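Chain and residue survey
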Amino acid sequence: MKKIVMVIIAVFAVSIANAQDFCLGGSLGFWNNNSADKTTLSITPDIGYSLSSKWYLGIGIGYQYTKHEDLKINSFTLNPYARYSYFTAGKVRLFMDGTFGLSNDKPTGRKSETAWQVGVKPGMIIGLTDRFSLAAHFGFLGYRDTDSDINALGEKGWGLDLSGNSLSFVFFYSF
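Right, let's walk through the structure included here. (Residues numbered from 1 in each chain as written. Predicted model: local features only at pLDDT ≥ 70, side-chain atom pairs only at ≥ 80, totals over all residues. Heavy atoms only, no water.)

On to the layout of surface pockets. Think of a ball as big as a water molecule: rolled over the atoms, this probe shows where empty space is left. A volume near 1,700 Å³ is recorded for the largest pocket. As for the largest pocket, its lining consists of 48 residues, and the residues nearest its centre are Gln64, Ala152, Leu153, Asn165 and Ser166. At the level of secondary structure, the elements contributing two or more residues to the lining of the largest pocket comprise strand S1 (22–33), strand S2 (38–50), strand S3 (55–68), strand S4 (71–89), strand S5 (92–107), strand S6 (113–127), strand S8 (140–146) and strand S10 (167–174). A per-element tally of the lining of the largest pocket places S1 first, with seven residues. Tallied by class, the residues present in the lining of the largest pocket amount to 14 nonpolar, 25 polar and nine charged. If you add up the space inside the second largest pocket, you get close to 500 Å³. Around the second largest pocket, the lining comprises 25 residues; the ones closest to its centre are Cys23, Arg93, Ile125, Ser133 and Ser174. Contributing elements (two or more residues each) for the lining of the second largest pocket: S3, S4, S5, S6, strand S7 (132–138) and S10. It is S4 that provides the largest number of residues to the lining of the second largest pocket, a total of three residues. Of the residues assigned to the lining of the second largest pocket, the class counts are seven nonpolar, eleven polar and seven charged. (1 Å grid on protein atoms, 1.4 Å probe; cavity = no way out; pocket = protein on both sides within 12 Å on 5 of 7 lines; lining within 4 Å. Points joined across faces, edges and corners; volume = space filled by probe spheres on them. Helix = DSSP H or I, 4+ residues; strand = E, 2+ residues; numbered from the N terminus. Nonpolar A, V, L, I, M, F, W, Y, C, P; charged D, E, K, R; others polar.)

See below:
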């Protein structure tokens, strides 16, 4: 049985090593607001696959820790998305992500709460080298539903969010 598992792992590793369509990346965030006694730390690894020069499928799996006054919240997020690139000029590419996000938020001393969102996020990718790139998202147009006021996805409701809070950066490595 060990030999079969090792052969499967070896075949998978060789196929990934020869593929140029996978991307691995992620984002890291930290914010401290002393006047509101609120601190947030987040990490979100991201992996995806290019279907063509226009279409890309990806998923971000994240963890966020929030401390607001005496309340501490541990959040886990799952954010699958489909990316459509509609404009390319040299090393710059403009895209639109169609996303569906889920969040499980566990405040200390309370039961677990959930949140979800569906919408689109516009963005831009800048190719830094042949393998490394930087993606930036700005904005969210869609709907969010949540059980609580503080969660990893944002406020309940629908609309267009063009605030500075909707700006995010993700580094990617293509292999």
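Okay, the nonpolar core next. Counting eight residues, the largest nonpolar core consists of Cys23, Tyr56, Tyr81, Phe95, Ile125, Ala135, Val170 and Phe172. Contacts of Phe95, omitting those with residues within four sequence positions, involve Arg83, Tyr84, Ser85, Tyr86, Lys121, Pro122, Gly123, Met124, Ile125, Ala136 and His137. (Core = buried A, V, L, I, M, F, W, Y, C linked by side-chain atoms within 4.5 Å. Buried < 20%, exposed > 50% of the residue type's maximum accessible area, 1.4 Å probe, protein only. Contact = heavy atoms within 4.5 Å.)

It is worth spelling out unusual backbone geometry at this point. The phi torsion at Asp37 lies on the positive side, around 50 degrees, for a residue other than glycine. With respect to the helices and strands, Asp37 occurs in the loop between S1 and S2. Phi is positive for Glu69, close to 55 degrees, though the residue is something other than glycine. You can see Glu69 is positioned in the loop between S3 and S4.

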